[in-house]
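Chain and residue survey
Residues per chain are reported as follows:
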Amino acid sequence: MTDTTRPRLRFAPSPTGYLHVGGARTALFNWLYARKYGGDFLLRIEDTDKARSTDESTRAIFEGMLWLGLDWDEEVVYQGANLPRHQADAERLLESGAAYRCFCTPAELEERRREAEARREAFKYDRRCDRLPRAEVDRRVAAGEPYVVRFRVPEGTTEWDDLVHERIAFPNKDIEDFVILRSDHTPIYNLAVVSDDIAMRITVVMRGDDHISNTPKQILLYRALGAPLPTFAHLPMIHGLDGKKLSKRHGATAVGDYQHYGLLPSAMLNFLALLGWSPGGDREVMTLNEMIELFSPEGLQKKAAIFDPKKLEWMNGQHLSMISLEELEPRVTPAIITARLATEEELVERREWYLRLLDLLRVRSRTIDDIVRQAAPYFLEDIEYDPAAVAKNWKDPAESADLLRETRDALARTEVWDAPALEASLRGLAERKGITAGKVFQPLRVALTGLTVSPGIFEMLVQMGRDLSLKRIDKALAVLER
Ligand code: GLU
């Protein structure tokens, strides 16, 4: 980038639905660019489509951005409030001759489109209103006849160096004289966006590559309005695992859904960052600060990004282990309380023990739910035995019971209840019996937790404490001997 001015970027969502994954990804890349290069990141709510825009959706956008920590600079811009400027810009284009009034009615245009189709020709507006004498135009306007304003596309080619796609060129002959102001004097998207981007002094326009075909029209508008061009960057689309455009069929696509599932915002950001960008090498897991540090437009990719929910879950697991316990605790505690494992007071009372437990459990967890599921055996009197765990590790109930009884004795005789002593006891038992240590650990794991997945057996015994551990084995024996 040769531009050394302070970059200004914006995220410009239309508030016509929730904040979806694609929008959040676009917001993140704009944000990263601004933060990396010491620029500004602005938020513009494109609420010109009054019929489809809702306050609820605007709120969902704010909430999603705040949850992710994508803070914006300056006041939020509401596009609808800029209507007078959009109209004034259209007026300027009329005055300079870059645009003209078109009185053709929708019905007439439709008729001509059908005729063109019958001749197997591509329909393009034939500019007939551009040839109307000035006096006739004035007379029809004075008579109150409705008209739209069309931009007169000049000859030549419109091209730009895209930050992602490099050089992109559109022959102007393929672009018809597009409408910029409707007959109700409201602006069409391309005019509103250019007018606002100029007014907001945006220097980098980064958005989804579904907008590539709008860009030549916007460039023509910038030129006609005498404004300097921003740099354009078109981010790749996001596809599901089946290679089709991401939709609800592929799972939750609303950022808010992930927030309510208890996903970590840092994991969501990290996952989003990899949808169309790579820091290079095999690097995947990053904190937000690392993302800022590593971000560069060179790492932006052209090919469609693939949204893999499994990867998001994996990423969440990585971040669960990465964040501080102080950060993790308030995210897990409400779920522990909701699951009725403990009250807030109990957790405060045993805070040190509780934090140690979280530290132990997070290693094998991908979600907060995983942590809660694994935490249950440390809090509850009775546990449930996962049928899969029973089938696998208590295959022969009588044999398992015998072994568990011996295990219980070995544990009960262990004087100091710490990991090295417990390890010595259990390994000693395995040796005496001439079996592998795993053969002792697995049935014990099921007895203690009812689960197949758990932290290391010694740490777990320490965390559970002598009384609860032995009580658990007694209960397992009762179940096995039933
Ligand atoms: N409101 C448009 C959208 O959501 C903005 C596109 C742009 O960034 O120019 O797709």
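Here the residue index of a chain counts from 1 through its sequence in written order. At least 70 in pLDDT is required for a residue's local features to be given in this predicted model, at least 80 for side-chain atom pairs to be given and counted, and no such filter applies to totals for whole chains, interfaces and linings, which use all residues. For side-chain calculations, the full set of non-hydrogen atoms in the structure is used, while hydrogens and water are omitted.

**Topic: the overall build of the protein**
This is how the line gets drawn: Runs of H or I in DSSP of at least four residues are treated as helices and runs of E of at least two as strands, each being numbered from the N terminus. The reference for a compact globule is 2.2 Å times residues^0.38; the radius of gyration itself is calculated from the C-alpha atoms. Buried, partly exposed and exposed residues are distinguished by accessible area as a fraction of the type maximum, computed with a 1.4 Å probe on protein chains only: under 20%, between the cut-offs, and over 50%, respectively. Note on definitions: a residue-residue contact is assigned when non-hydrogen atoms from the two residues lie within 4.5 Å.
If you tally the helices and strands in the protein, you get 21 helices and twelve strands. For the protein, the C-alpha radius of gyration of 32 Å lies well beyond 23 Å, the compact-globule estimate for 482 residues. Along the first, second and third principal axes, the C-alpha atoms of the protein reach 105 × 50 × 40 Å. By the burial criterion, 48% of the 482 residues in the protein qualify as buried. For the protein, contacts bridging at least 24 residues in sequence account for 75% of all contacts bridging at least 6.

**As for the site of the ligand**
Which entries qualify depends on this criterion: For this purpose, a residue is taken to be near a molecule or strand whenever a single non-hydrogen atom of the residue falls within 4 Å of it. We call two N or O atoms a polar contact when they sit within 3.5 Å, provided that within protein one can donate a hydrogen and the other can accept it, with sequence-adjacent residues counted only if both atoms are side-chain atoms. Throughout, the Shrake-Rupley method with a 1.4 Å probe supplies accessible areas, and for residues the shown protein chains are the sole cover considered. Classes in brief: Ala, Val, Leu, Ile, Met, Phe, Trp, Tyr, Cys and Pro nonpolar; Asp, Glu, Lys and Arg charged; the others, Gly included, polar.
Around the ligand, the surrounding shell consists of Arg 10, Ala 12, Ser 14, Glu 46, Tyr 189, Val 193, Arg 207 and His 211. Within the side chain of Ser 14, one N or O atom sits 2.9 Å away from a nitrogen atom of the ligand. Taking Tyr 189, its side chain carries an N or O atom lying 2.8 Å from an oxygen atom of the ligand. Its free accessible area being 300 Å², the ligand has 79% of it covered by the protein chains. Residue composition of the shell around the ligand, grouped by class: three nonpolar, two polar and three charged.

**Things to note about the pattern of salt bridges**
Note the threshold: The term salt bridge refers to a side-chain nitrogen of Lys or Arg lying within 4 Å of a carboxyl oxygen of Asp or Glu.
Applying the stated criterion across every chain, the model contains 41 salt bridges. Note that Asp 71 is salt-bridged to Arg 35, the shortest N-O span being 3.6 Å. With Asp 71 in the loop between α2 (55-68) and β3 (77-78) and Arg 35 in helix α1 (residues 21-36), this residue pair connects regions lying 36 residues apart in the sequence. In this structure Asp 71 comes out as partly exposed when scored by relative accessible area, which is 40%.

**A few points about the sheet that holds strand β5 (residues 148-151)**
What counts here: When DSSP finds two or more bridges between two strands, those strands count as paired. A fitted line through C-alpha atoms serves as each axis, taken over the contacting stretch for helices, and the angle formed by two N-to-C directions is quoted from 0 to 180°.
Here we have three strands laid out as an open sheet, ordered β4-β5-β8, and antiparallel in their pairing. In this open sheet, the two strands that pair with only one neighbour each are β4 (99-102) and β8 (179-181). With strand direction ignored, the average angle separating the axes of adjacent strands in the sheet is 45°. As defined by bridge partners, β4 adjoins β5 across four bridges and the pair is classed as antiparallel. Looking at the pairing, Arg 101 lines up with Val 149 of β5.

**Brief notes about the packing of helix α12 (residues 325-338) against helix α15 (residues 368-379)**
Any two packed helices are characterised by how steeply their axes cross, that is the angle between the axes, and by the distance between the axes. The condition is simple: Angle categories are assigned with fixed cut-offs, so that under 35 degrees is roughly parallel, over 145 is roughly antiparallel, 65 to 115 is roughly perpendicular, and the rest are oblique. The sense of a crossing depends on the near helix, which, turned anticlockwise from the far helix by less than a right angle, makes the crossing left-handed and, turned clockwise, makes it right-handed.
For the pair α12 and α15, the least separation of the axes is 10 Å and the interaxial angle reads 65°. Judged on the interaxial angle alone, α15 and α12 are roughly perpendicular. In the crossing of α12 with α15, the sense of the turn from one axis to the other is right-handed. Contact residues: Leu 328, Arg 331, Val 332, Ala 335 and Ile 336 in α12; Ile 368, Ile 371, Val 372, Ala 375 and Phe 379 in α15. Along the lines of polarity and charge, the residues of the contact of α12 with α15 split into nine nonpolar, no polar and one charged.

**What about the packing of helix α18 (residues 419-433) against helix α20 (residues 457-464)?**
Relative to each other, α18 and α20 sit at 120°, their axes nearing to 9 Å. Relative to α20, the element α18 is oriented oblique. As for how α18 packs across α20, the hand of that crossing is right-handed. For the pair α18 and α20, contact is made by Ala 419, Leu 422, Glu 423, Leu 426 and Arg 427 and by Phe 458, Leu 461 and Val 462, respectively. A per-class count over the contact of α18 with α20 returns six nonpolar, no polar and two charged.

**A look at a negative patch on the surface**
Applicable threshold: Only residues whose relative accessible area exceeds 30% and that form no salt bridge are eligible for patches; like-charged ones are grouped when within 9 Å, while nonpolar side chains (Val, Leu, Ile, Met, Phe, Trp, Tyr) are grouped when within 5 Å. His is not counted, nor are the chain ends; Lys and Arg add positive charge and Asp and Glu add negative charge. Throughout, a charge is located at the NZ atom of Lys, the CZ atom of Arg, the CG atom of Asp or the CD atom of Glu.
Together, Glu 344, Glu 345, Glu 346 and Glu 349 line one region of the surface with negative charge. For Glu 344, the position within the fold is in helix α13 (residues 344-349). Under the relative-accessibility criterion, Glu 344 is labelled partly exposed at 48%.

**A word on the side chain of Asp 196**
Within the secondary structure, Asp 196 is located in helix α6 (residues 189-199). Residue classification places Asp 196 among the buried residues on the basis of a relative accessible area of 0%. There is a polar contact of 2.9 Å between the side chain of Asp 196 and the side chain of Arg 85. Apart from the residues within four sequence positions on either side, Asp 196 is in contact with Arg 44, Gln 79, Asn 82, Arg 85 and His 86.

**Digging into unusual backbone geometry**
As a rule of thumb, non-glycine residues mostly have phi less than zero, and peptide bonds are mostly trans rather than cis. In this structure, Arg 127 takes a positive phi of about 65° despite not being glycine. Take Arg 127: it is sitting in the loop between α4 (106-118) and α5 (134-142). At Arg 201, a position not held by glycine, the phi torsion is positive, near 55°. Inspection of the secondary structure assignment puts Arg 201 in the loop between α6 and β9 (204-208). A relative accessible area of 54% means that Arg 201 is categorised as exposed.

**A word on the packing of aromatic side chains**
To keep things clear, this is the line we draw: Whether two aromatic rings pair depends on their centres lying within 6.5 Å, for rings of Phe, Tyr and Trp, where Trp uses its six-membered ring; planes under 30 degrees apart make the pair stacked, over 60 edge-to-face, and the rest tilted.
By the definition in use, this model includes 15 aromatic pairs. Measuring from ring centre to ring centre gives 5.3 Å for Phe 151 and Phe 178, while their planes differ by 25°; the resulting arrangement is stacked. Here Phe 178 lies in the loop between β7 (166-171) and β8 and Phe 151 lies in strand β5, a separation of 27 residues in the sequence. Note on Phe 151: relative accessible area 3%, which makes it buried. Here the aromatic rings of Trp 277 and Phe 295 are separated by 5.5 Å at their centres, their planes lie at 35°, and the arrangement is tilted. Taken as a pair, Trp 277 in the loop between α9 (265-273) and α10 (288-294) and Phe 295 in the loop between α10 and β12 (305-306) lie far apart in primary sequence, 18 residues in all.

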